[in-house]
Amino acid sequence: MSVREIPVLYIEGDGVGPEITPVMIDVLEHAVSKAYGDSVRLVFEEVLAGTKAEKLTGDSLPEETLERISQVGLAIKGPLMTPVGKGKRSLNVALRQLLDLYVCQRPVRYFEGTPSPLRHPEKVDMVVFRENTEDIYAGIEWSAGSAEAARVISFLSSEMNVRKIRFPQTSAIGIKPVSEEGSKRLIRAAIDFAIDDGRKTVTLVHKGNIMKFTEGGFLKWGYELAKDEYGAYEKDGSLFIPADGTDILINDCICDAFLQNILLKPEKYSVIATLNLNGDYVSDALAAEVGGIGIAPGANINYKTGTAVFEATHGVAPDIAGQDIVNPLSLVLSGEMMLRYKGLREAADYVLKAVEKTIAAKTVTRDFYNLLDDRTGARCLGTKAFGQELVKNM
């Protein structure tokens with residue numbers, strides 16, 4: 001019998017990374033075995049990034065790691081440490097930009113029994129498509145008082161007649177690039193997903209009322225794309241994309257209003273397409289509604305090359321590292337996304353069913369246990385034991 005081997009690169013991660021990564025690998029391997037027996041096998045290979053890479057190679061993001069991810073096209077990573085405010089670039093952002101992983105995909109759904117601040121968290125079921133390579137995350141900025149900032153301010157003042165920099169002597173300066181190509185490829189991915197997954201709406205979330213040419217451009221290009229490439233048509237004042245079954249409503253919402261609406265009427269939204277900074281805020285706010293960032297999965301994908309890096313979306317959590325108490329579900333559920341991305345739907349379903357069954361039984365890690373209103377019958381497990389419980393519940 002021939003065996004289909006699927007190579008998967010993994011980055012262990014910093015902080016709690018060494019605790020959650022083995023759990024993720026164990027759960028995925030068991031799910032694949034449960035679904036396909038010996039006919040499919042995940043072949044995990046470690047590549048280096050972060051603190052471990054710096055200790056072993058002197059470089060926190062070695063060129064060999066980038067080359068290997070480009071070759072294999074599939075990777076999953078734990079959280080990586082980046083010092084705040086010390087001029088050191090975020091490794092997460094660097095990976096996305098250097099590999100041109102232009103889509104950050106974040107599914108947000110509720111598992112019964114998960115502690116939530118909402119009265120009806122079961123109404124939250126969205127997939128966020130966040131543009132990953134542009135906006136202020138492009139990293140084009142200069143510190144206040146620097147010669148570079150002074151030159152940019154001088155150019156804006158003398159050549160562009162800009163008079164709106166209130167305190168030019170003490171202003172830091174940043175540039176926000178938003179392109180038609182970058183916007184359309186992100187929105188195209190969101191619409192394609194909505195069609196393939198049978199979703200009913202695609203919402204463009206923006207701040208185009210203030211940033212009229214960057215975020216306003218994103219909005220304009222999104223509607224153009226829907227009409228030019230998908231044959232969107234108007235009906236009763238709304239725009240719809242033809243699809244098998246129910247046609248897809250494409251609309252938009254200003255970001256601050258959207259952050260309110262996901263609390264008041266989350267059931268109105270399904271697929272979200274938005275720019276980089278908005279997407280950061282929106283995906284974390286949505287995660288808080290269904291259990292927090294510790295359970296939120298994520299993927300960074302280039303749909304043209306097929307290269308994809310799945311990741312834990314939370315930080316390195318140094319305060320709890322090494323204590324066997326961290327919740328591994330962000331990385332485990334990112335692994336579930338990875339299985340589904342590779343067409344291993346049956347294995348992915350086993351992971352989801354195991355998560356649903358385990359949480360519903362009030363078998364949880366400390367973060368969830370501390371939030372339970374009723375702990376009758378609840379069990380608080382360590383990271384490794386929780387992973388073993390997931391395997392048992394497949």
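Residues numbered from 1 in each chain as written. Predicted model: local features only at pLDDT ≥ 70, side-chain atom pairs only at ≥ 80, totals over all residues. Heavy atoms only, no water.

Engineer: I'm lost on the pattern of salt bridges in this one. Help?
Structural biologist: A pair can form between side chains of opposite charge whenever their charged atoms are brought close. On inspection of all chains with the given rule, the structure shows 24 salt bridges. Note that Glu229 and Arg188 form a salt bridge whose closest N and O atoms lie 2.8 Å from each other. Of this pair, Glu229 sits in helix α7 (residues 215-230) while Arg188 sits in helix α6 (residues 180-197), and the two are 41 residues apart along the sequence. Glu389 is the salt-bridge partner of Arg379, the closest N and O atoms lying 2.8 Å from each other. Taken together, the residues span a long stretch of sequence, with Arg379 in strand β16 (residues 379-380) and Glu389 in helix α13 (residues 383-392) at a distance of 10 residues. (Salt bridge = Lys/Arg side-chain N within 4 Å of Asp/Glu carboxyl O. Helix = DSSP H or I, 4+ residues; strand = E, 2+ residues; numbered from the N terminus.)

Engineer: Which parts of the structure should I look at to understand the packing of helix α10 (residues 329-341) against helix α11 (residues 345-360)?
Structural biologist: Packed helix pairs are characterised by how far apart their axes lie and by the angle those axes make with each other. Between α10 and α11, the least distance of the axes is 7 Å, while the angle of their chain directions is 155°. By the angle between their axes, α10 is roughly antiparallel relative to α11. Read as a crossing pair, α10 and α11 show a hand that is left-handed. In this structure, α10 contributes Leu329, Val332, Leu333, Glu336, Leu339 and Arg340 to the contact, and α11 contributes Arg345, Ala347, Ala348, Asp349, Val351, Leu352, Val355 and Ile359. Grouping the constituent residues of the contact of α10 with α11 by class yields 10 nonpolar, no polar and 4 charged. (Axes fitted to C-alpha atoms, helices over the stretch in contact; angles between N-to-C directions. Parallel < 35°, antiparallel > 145°, perpendicular 65-115°, else oblique. Left-handed = near helix turned anticlockwise from the far one by under 90°. Contact = heavy atoms within 4.5 Å. Nonpolar A, V, L, I, M, F, W, Y, C, P; charged D, E, K, R; others polar.)

Engineer: Could you clarify how one ought to interpret the side chain of His314 in this entry?
Structural biologist: Here His314 shows up in the loop between β14 (308-312) and α10. On the accessibility criterion, His314 (13% relative accessible area) is buried. Sequence-distant contacts of His314, defined by excluding residues within four places in its chain, comprise Val16, Ile20, Pro79, Ile293, Gly294, Asn327 and Ser330. (Buried < 20%, exposed > 50% of the residue type's maximum accessible area, 1.4 Å probe, protein only.)

Engineer: Please explain the packing of aromatic side chains as it appears in this structure.
Structural biologist: Aromatic ring pairs: the centre-centre distance and the angle between the two ring planes describe each pair. A complete count under the given rule lists 5 aromatic pairs for this structure. Seen in terms of ring centroids, Phe129 and Phe193 are 5.4 Å apart; in terms of plane orientation they differ by 55°. Their pairing is tilted. One end of the pair, Phe129, is in strand β5 (residues 125-131); the other, Phe193, is in helix α6, and 64 residues separate them in sequence. Both rings, one in Phe258 and one in Tyr269, keep their centres 4.9 Å apart while their planes meet at 75°; by these two values the pair is edge-to-face. Of this pair, Phe258 sits in helix α8 (residues 255-264) while Tyr269 sits in the loop between α8 and β12 (271-274), placing them 11 residues apart in sequence. By relative accessible area, Phe258 is classed as buried at 0%. One Lys or Arg, Arg130, reaches over the ring of Tyr137 and ends 5.0 Å from the middle of that ring. (Phe/Tyr/Trp six-rings, centres within 6.5 Å; stacked < 30°, edge-to-face > 60°. Lys NZ or Arg CZ within 6 Å of the ring centre and 35° of its normal.)

Engineer: Can you walk me through the environment of Leu239 in this structure?
Structural biologist: Looking at the secondary structure, you find Leu239 in strand β10 (residues 238-241). With 10 residues separating them along the chain, Leu239 and Leu249 place their C-alpha atoms 6.0 Å apart. If we skip the residues at most four places from it in the chain, Leu239 touches Tyr223, Lys227, Ala232, Tyr233, Glu234, Ile248, Leu249 and Ile250.

Engineer: It is not clear to me how a negative patch on the surface should be interpreted in this structure. Could you clarify?
Structural biologist: A contiguous patch of negative charge, built from Asp59, Glu63, Glu64 and Glu67, is present on the exposed surface. On the secondary structure map, Glu64 appears in helix α3 (residues 63-72). (Patch = residues over 30% accessible without salt bridge, like charges linked within 9 Å, V, L, I, M, F, W, Y side chains within 5 Å. Areas by Shrake-Rupley, 256 points an atom, 1.4 Å probe, with all protein chains shown as cover. Lys, Arg positive; Asp, Glu negative; His and termini not counted. Charge placed at Lys NZ, Arg CZ, Asp CG, Glu CD.)

Engineer: For this particular structure, what's the right way to read the environment of Leu371?
Structural biologist: For Leu371, the position within the fold is in the loop between α12 (366-369) and β16. Using a relative accessible area of 52% as the deciding quantity, one classes Leu371 as exposed. Measuring from C-alpha to C-alpha, the distance between Leu371 and Ala308 comes to 34 Å, with 63 residues separating the pair along the chain.

Engineer: Would you take a moment to explain the sheet that holds strand β11 (residues 248-254) for this structure?
Structural biologist: Within a sheet, adjacent strands bond to each other through the backbone by hydrogen bonds, running parallel or antiparallel. If you trace the 12 strands from one edge of the open sheet to the other, you get β2-β1-β3-β14-β13-β4-β5-β12-β8-β11-β10-β9, paired in mixed fashion. Here the strands that pair on one side only, and so sit at the sheet edges, are β2 (40-46) and β9 (233-235). Across the sheet, the mean angle separating the axes of adjacent strands is 30° when strand polarity is ignored. Of the pairings in the sheet, the one linking strand β8 (residues 201-206) to β12 comprises 4 bridges and is parallel in character. By the bridge assignment for β12, Val205 is matched with Thr274. Sheet strands in contact with α6 are β4 (103-109), β5, β8, β10, β11 and β12, and its direction is about 160° off that of β5. Strand contacts of α8: β5, β8, β11 and β12, with the helix running at about 110° to β11, the strand carrying the most contacts. (Pairing = 2+ DSSP bridges.)

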